[in-house]
Amino acid sequence: MKDLTKIEETILLAIWRLEDNAYGVTIKDHIHSSSGRQYLYSTLYTALEQMVRKGLIAKRYGDPSPERGGKRKIFFDITKEGFIALESAYHKQKSIWAGVTEKSFREALR
Amino acid sequence: MQSRFKISSFLFFIHKKLYLYSMNEGYIGDLEEQYCLLRTKGKWKALHWLFVQFARSVPSLIFSYFLWSLTMFKNHVILALRNIRKYKIYSFVNIVGLAVGMACCILILLWVQDELSYDQFHKNGKRIYMLTLITDRGTWRSSPWALVPTLKNDFPEVEMGSQCAVRTVLVRHGDRMFYETGAMVVPEFLKIFTFPFKSGDPTKALDNIESVVITESTAHKYFGSEDPIGKTLTFENSIDLVVTGVMEDIPSNSHLQFALMARPEVAFGKERMKTWSADCPSYILLAEGANPTEFENKIRDTINKYDKRTTVKYYVGMHPLQKIHLYALQGTNPVVYVILFAGVAVIVLLIACINFMNLATARSSTRAREVGLRKVVGAARPDLIRQFFGESIILSIMAVVIGLGLVYLYLPSFNSMAAKSLEFKSLGNNTNIIGILLMGLFTGIIAGIYPALILSSFQPVKILRHVFVKRSKGVGLRKTLIVFQFTAAILLIIMTSVLFKQMQYIRNKDLGFNKEQIITVRMNRQMRQKYETMKPILRQHENISHVTAASNIPLRISNNNPFYWEGGSADEYISMSFACVDYDYFETFNMEMVHGRPFSKKFPTDRGNYIINEAALKMTGYEDPVGRMFSMWTTEGEIVGVVKDFHATTLHNSIKPIVFLLYKNLPYFIMFIKIAPNQIGQTLDHIENVIETHVPGIPFQYEFLDEIFDRQYQQEARLLSILEAFAGLAIFVSCLGLLGLASFMAEQKTKEIAIRKVLGASPATIVGNMSKEFLWLVLAANGVAWPVGFYLSRAWMENFVFKTSIGIWPYFISAALAVIVALITVSFQSIRAAHANPVDSMRTE
């Protein structure tokens, strides 16, 4: 199984955090507030589309609203495969960064 | 919240169009939601944000359409190939059409490249200029011998200079004897121009007057594999020259072409080289930093300053080396053709692409079901777009390969048509390879846009219910394109017929003298000396009726000198062409004398007298010319006769005044022998024997005068064959386009045809119906082509002073041809449509 790309990882974590309320606007804002990265909607949706196709997340339709010009929201939920992928990414990350602390950087930069 | 601002709704609209995935709703909805939030903070802030979103997303969205992730790539290739196999005939026709267009484009580009590369290989190329002679009768390439040394003396801007007289000379080594093209140059020539040497030193090779430099092939011809340096070649059977250098063969893209170089002293003599006679072109190398225009002004009056033989004004001009091939001194510049052909190449490629597009979408209803199913099973629109692009790029690549193959096969015929020696491997350099790849990619993408977007936009529901969308938009555009293609084809046919007619006219026109059955034999120095002896002996043969000689062929009289005549003041002169002729000249060619008589041995004073033609007579204004005074330079004489005007140059030019002298100013270079039409072989043998007896060791080379005549129109003949080829191609391409349109329309009308059949129409009526529509298109094309053709043919005919009337036939013939071809093409589709079973067509409900 292939590794998650950076943006996929970020999105999955955001969706996880947002639980039931993960759709375009909230995902974008969450990523912005938690990591400082500003993504364009087109980037997000391209990635979301790919992830849906890969089976990492599932989409469901919400209610239409006047602010959206009568269009429905599309909510995203992580699937089982999504969680598995996320878990393996977490472990890989953990093992790569093993033993690194704030102190290590202070020493390296001296 | 509905946006009330036009800008924002426009931006939303674009976003909607760009993002073609299924989650369009969520995407646009999110944009709107955020926009509403931002609106509360300020209208312009929100708009700015929206605009930034748009601007930054566009590139990545477009890119994602073309993104080939590795897994999908293999899939696309398989799909593309499968599709090609499924619609074999269409794919084949499509690829071949595109390949033909590409092959044309490549051939033309090779030609253009070659034309633009003339004389580029000389190191000092940018500072080399040819000196030109400007007279009241036009600008000429020959300039006086003394001009170069004078200029070098007077002006420091002239670093070096050399004359270059290209002449045919007789060369012999041992028993190998041939006529070769030789360039007579002074040693500096080799420093001005860069002709690479294989052996010998270019800076010293021609220092000795009796040296000669030969090309590789010439060396091989005379010396085989031996080293030629130090060996001798005999010139004109009189002078031995030592080979001091061997140079590489001259590439074809050089306006200077010769097999050997020698000193002019050998052929012309030192004395002549000091005179102001203009026998050959001269070239100068301008010093670095000198301003060419200023310098040209400075040297303008040089001839008039030094040559006091006459009051006639001759001016000096300069023509840059690298413009010599493409820019003529007078008349049309060949560079016009280069630009024209480059334009044609682009147009041909464009038309090929458009046809490709049309044919690819032609059978869209058949593919519609495939697309519908695909979408149902989950393909998103971008995937389909990628698939169709992939197909068209693959087809395009196949077309490139086939196109290159066609180029390889047809390059020899193209070379003979265009009189060039283009090589297939010149496609091998980097610019060309990249160009060809880009061309393939470009056509693939351009041609693929239309089908990709249209075919992928089908909605599965509508397709599976077989409610076929009538795309009426596309038809108008296609029809215009077909008209355009046919216009081009008809135009080419018209031009071809016009050109053909003019060539016929030229061939059959009465030139005013008889050119049939006359042999021309070039005479070298020894032959000239023996001419008088040979003449009576030749005339004794029963098959030989006339023998005469002259300084040039009657078809090519163009030497100029000023002439004075009685009744004019000492300052009044006219520059006229002249020729030195022998007795019997006028009789040999059956030229009619209007006044007086031809030169005759009965009158010994004829030696200093003149015969003029009618045009010259008109200039002098004499009513009774015989006996009147006439003179050239300072030689006074009288007019002995006036000959009826004949064509002394090609039919491009009007008949100019000509003066004929008997002997002395120029030697007779050519002997003319009129022979009987039967037993030609025998007669030729006899002539050869006579010449052999009197002038041993000279190869017998002769030409028939009418062959020489035909050669003068080489350019036109070549143009004719090129036009014919292009006309054929244009028809082929137009038919492809028509095929695409016809199949498209046949599809659109299946229901209509079915209903008609049910109501009782016969296949014939149906075919007639369909054909009628296309007939209109062809007629419209005629309507455009005829005026353009008329204008163009008239413009081209301007080249000729003597021309035939065009008449109405070319137009009708081309129209008829176009109509017939169009009908045949359309009939493929219409006959099939007419025989379709109405049950099948209607069953789909």
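A brief structural summary. (Residues numbered from 1 in each chain as written. Chains lettered and ligands numbered in written order. Predicted model: local features only at pLDDT ≥ 70, side-chain atom pairs only at ≥ 80, totals over all residues. Heavy atoms only, no water.)

Concerning the overall build of chain B
Then, in step 1: Counting its regular elements, chain B contains 27 helices and 24 strands.
Then, in step 2: In chain B, the proportion of contacts linking residues at least 24 apart, taken out of those at least 6 apart, comes to 79%.
Then, in step 3: Total accessible area computed for chain B in this model is approximately 39,700 Å², and 61% of it derives from carbon and sulfur atoms. (Helix = DSSP H or I, 4+ residues; strand = E, 2+ residues; numbered from the N terminus. Contact = heavy atoms within 4.5 Å. Areas by Shrake-Rupley, 256 points an atom, 1.4 Å probe, with all protein chains shown as cover.)

Points about unusual backbone geometry
Then, in step 1: Phi at E19 of chain A is positive, roughly 55°, even though this residue is not glycine.
Then, in step 2: The exposed category is assigned to E19 of chain A, whose relative accessible area is 57%. (Buried < 20%, exposed > 50% of the residue type's maximum accessible area, 1.4 Å probe, protein only.)

Considerations on the packing of helix α23 (residues 714–748) of chain B against helix α26 (residues 809–834) of chain B
Think of two packed helices as two axes; the pair is described by the angle between the axes and how far apart they sit.
All names here are of chain B.
Then, in step 1: Interhelical geometry of α23 versus α26 gives an angle of 25° and a closest axis separation of 9 Å. Between α23 and α26, the angle falls in the class roughly parallel. Two packed elements cross with a definite hand, and for α23 against α26 that hand is right-handed. On α26, the residues that touch I731, C735, L738, L739, A742, S743 and A746 of α23 are V821, A822, T825, V826, Q829 and A833. (Axes fitted to C-alpha atoms, helices over the stretch in contact; angles between N-to-C directions. Parallel < 35°, antiparallel > 145°, perpendicular 65-115°, else oblique. Left-handed = near helix turned anticlockwise from the far one by under 90°.)

Side note on the packing of aromatic side chains
Two aromatic rings, taken as a pair, are described by how far apart their centres are and by the angle between their planes.
All names here are of chain B.
Then, in step 1: Inspection of the entire model under this criterion finds 27 aromatic pairs over all chains.
Then, in step 2: On the numbers, 6.2 Å between centres and 35° between planes, the contact of F193 with F195 is tilted. F195 shares its class with F193; the two are buried.
Then, in step 3: Measuring from centroid to centroid gives 5.8 Å for W786 and F812, while their planes differ by 85°, and the two rings are edge-to-face. Residue W786 is located in helix α25 (residues 763–797), and its partner F812 is located in helix α26; the two are separated by 26 residues in the primary sequence.
Then, in step 4: What makes W786 partly exposed here is its relative accessible area of 27%.
Then, in step 5: On the basis of relative accessibility, which here comes to 44%, the residue F812 falls in the partly exposed class.
Then, in step 6: Here a set of aromatic residues connected by ring pairs shows up, and it is made of F513, Y585, F586, F589, F599, F646, F660 and F672.
Then, in step 7: The ring of F178 is capped by K221, whose NZ or CZ atom sits 4.7 Å from the centre of that ring. (Phe/Tyr/Trp six-rings, centres within 6.5 Å; stacked < 30°, edge-to-face > 60°. Lys NZ or Arg CZ within 6 Å of the ring centre and 35° of its normal.)

Side note on empty space enclosed by the protein
All names here are of chain B.
Then, in step 1: One pass over the full model with this rule turns up three cavities of 30 Å³ or more.
Then, in step 2: Approximately 250 Å³ is the volume found for the largest cavity.
Then, in step 3: Around the largest cavity, the lining is made up of 17 residues, and of these N83, N94, A360, R367 and E391 lie nearest the centre.
Then, in step 4: Of all the secondary-structure elements, those providing two or more residues to the lining of the largest cavity are α5 (88–116), α12 (335–362), α14 (381–418) and α15 (430–456).
Then, in step 5: A total of four residues in the lining of the largest cavity trace back to one element, the largest contributor, which is α14.
Then, in step 6: Tallied by class, residues from the lining of the largest cavity come to nine nonpolar, five polar and three charged.
Then, in step 7: There is about 50 Å³ of room inside the second largest cavity.
Then, in step 8: Lining of the second largest cavity is provided by V93, N94, G97, L98, A352, N355, F356, L359, V733 and L736.
Then, in step 9: Those elements that provide at least two residues to the lining of the second largest cavity are α5, α12 and α23.
Then, in step 10: Among the residues making up the lining of the second largest cavity, the classes are represented as seven nonpolar, three polar and no charged. (1 Å grid on protein atoms, 1.4 Å probe; cavity = no way out; pocket = protein on both sides within 12 Å on 5 of 7 lines; lining within 4 Å. Points joined across faces, edges and corners; volume = space filled by probe spheres on them. Nonpolar A, V, L, I, M, F, W, Y, C, P; charged D, E, K, R; others polar.)

As for the interface of chain B and chain A
Quoted interface sizes are often the accessible area lost when the parts come together.
Then, in step 1: In this complex, chain B contributes 26 residues to the contact, which on the side of chain A involves 24 residues.
Then, in step 2: Counting the surface lost from both chain B and chain A, the interface buries some 2,300 Å², and carbon and sulfur atoms represent 52% of this.
Then, in step 3: Linking chain B with chain A are four salt bridges.
Then, in step 4: Where R68 of chain A meets D30 of chain B, a salt bridge forms, and the shortest distance between an N and an O atom there is 2.7 Å.
Then, in step 5: If you look at where chain B meets chain A, you find 13 residue pairs in polar contact (both at pLDDT 80 or more).
Then, in step 6: Contributing elements (two or more residues each) for the side of chain B that touches chain A: α2 (24–39) and α3 (43–66) of chain B.
Then, in step 7: Counting residues per element, the side of chain B that touches chain A draws most heavily on α2 of chain B, which supplies 11 residues.
Then, in step 8: Partitioning the side of chain B that touches chain A into residue classes produces 11 nonpolar, nine polar and six charged. (Buried area = accessible area lost by both parts, 1.4 Å probe. Salt bridge = Lys/Arg side-chain N within 4 Å of Asp/Glu carboxyl O. Polar contact = N/O pair within 3.5 Å; in protein donor to acceptor, adjacent residues only side chain to side chain.)

So, the pattern of salt bridges
Then, in step 1: Tallied over the full model, the rule gives 22 salt bridges over all chains.
Then, in step 2: One continuous salt-bridge network, built from bridges that share partners, spans K535, R539, D582 and D584 of chain B.

A few points about the pairing of strand β7 (residues 211–215) of chain B
Then, in step 1: Of all five residues that make up β7 of chain B, five are buried, and the element is covered over most of its length.
Then, in step 2: By the alternation rule, side chains of β7 of chain B split into S211, V213 and T215 of chain B and V212 and I214 of chain B, which are all buried.

Here we look at the side chain of S65 of chain A
All names here are of chain A.
Then, in step 1: The residue S65 is located in the loop between β1 (57–64) and β2 (72–78) in this model.
Then, in step 2: A relative accessible area of 14% means that S65 is categorised as buried.
Then, in step 3: A distance of 3.3 Å separates polar atoms of two side chains, one belonging to S65 and the other to E67.
Then, in step 4: Those residues in contact with S65 that sit more than four places away from it in its chain are G70 and K71.

Re the environment of D30 of chain B
Then, in step 1: Within the secondary structure, D30 of chain B is located in helix α2.
Then, in step 2: The buried category is assigned to D30 of chain B, whose relative accessible area is 1%.
Then, in step 3: When sequence neighbours within four positions are dropped, the list of residues in contact with D30 of chain B reads Y23, G24, V25, Y41, Y45 and R68 of chain A.

Topic: the layout of surface pockets
Residue and element names in this part refer to chain B.
Then, in step 1: Computed from the structure, the second largest pocket encloses a volume of approximately 1,200 Å³.
Then, in step 2: If you trace the second largest pocket, you find 35 residues lining it, with L340, V344, L492, L723 and L792 closest to the centre.
Then, in step 3: At the level of elements, α5, α12, α17 (472–508), α23 and α25 are the ones that each hand at least two residues to the lining of the second largest pocket.
Then, in step 4: With 10 residues, α17 is the single largest residue contributor to the lining of the second largest pocket.
Then, in step 5: For the lining of the second largest pocket, a count of residues per class yields 29 nonpolar, six polar and no charged.

Thoughts on a nonpolar patch on the surface
Residue and element names in this part refer to chain A.
Then, in step 1: Taken together, the side chains of I96, W97, V100, F105 and L109 define a hydrophobic patch exposed on the protein surface, amounting to about 580 Å² of accessible area.
Then, in step 2: By the secondary structure assignment, W97 is in the loop between α4 (80–96) and α5 (102–108).
Then, in step 3: Overall, the relative accessible area of 47% leaves W97 in the partly exposed class. (Patch = residues over 30% accessible without salt bridge, like charges linked within 9 Å, V, L, I, M, F, W, Y side chains within 5 Å.)

Here we look at the environment of H835 of chain B
Residues and elements named next belong to chain B.
Then, in step 1: For H835, the position within the fold is in the loop between α26 and α27 (838–842).
Then, in step 2: For H835, a relative accessible area of 55% translates into the label exposed.
Then, in step 3: H835 sits 71 residues away from A764 along the chain, and the two C-alpha atoms are 9.7 Å apart.
Then, in step 4: The contact partners of H835, leaving out residues within four places of it in the chain, are K757 and P763.

Brief notes about the side chain of H694 of chain B
Residues and elements named next belong to chain B.
Then, in step 1: As for its placement among the helices and strands, H694 is situated in helix α21 (residues 680–694).
Then, in step 2: Within the local environment of H694, its side chain forms a polar contact with the backbone oxygen of V690, the two atoms lying 3.0 Å apart.
Then, in step 3: Once residues within four sequence positions are removed from consideration, H694 is found in contact with K530, T533, M534 and I537.

Quick word on the nonpolar core
Then, in step 1: Formed by 106 residues in total, the largest nonpolar core has its most connected members in M527, F586, F660, M671, I673, I687 and F774 of chain B.
Then, in step 2: Aside from chain neighbours lying at most four places away, what touches I673 of chain B is Q517, I518, I519, V521, L538, I544, H546, V547 and I687 of chain B.
Then, in step 3: Judged by nonpolar contacts, the second largest core, of 43 residues, contains L18 and L48 of chain A together with L31 and Y35 of chain B. (Core = buried A, V, L, I, M, F, W, Y, C linked by side-chain atoms within 4.5 Å.)

Observations regarding α2 of chain B
Then, in step 1: End to end, α2 of chain B covers 22 Å across 16 residues, agreeing with the expected 22 Å (1.5 Å per residue, within 8%).
Then, in step 2: Counting buried positions along α2 of chain B gives 13 out of 16 residues, so the element sits mostly inside the fold. (Expected span 1.5 Å × (residues − 1).)

Structural measurements only, silent on function.
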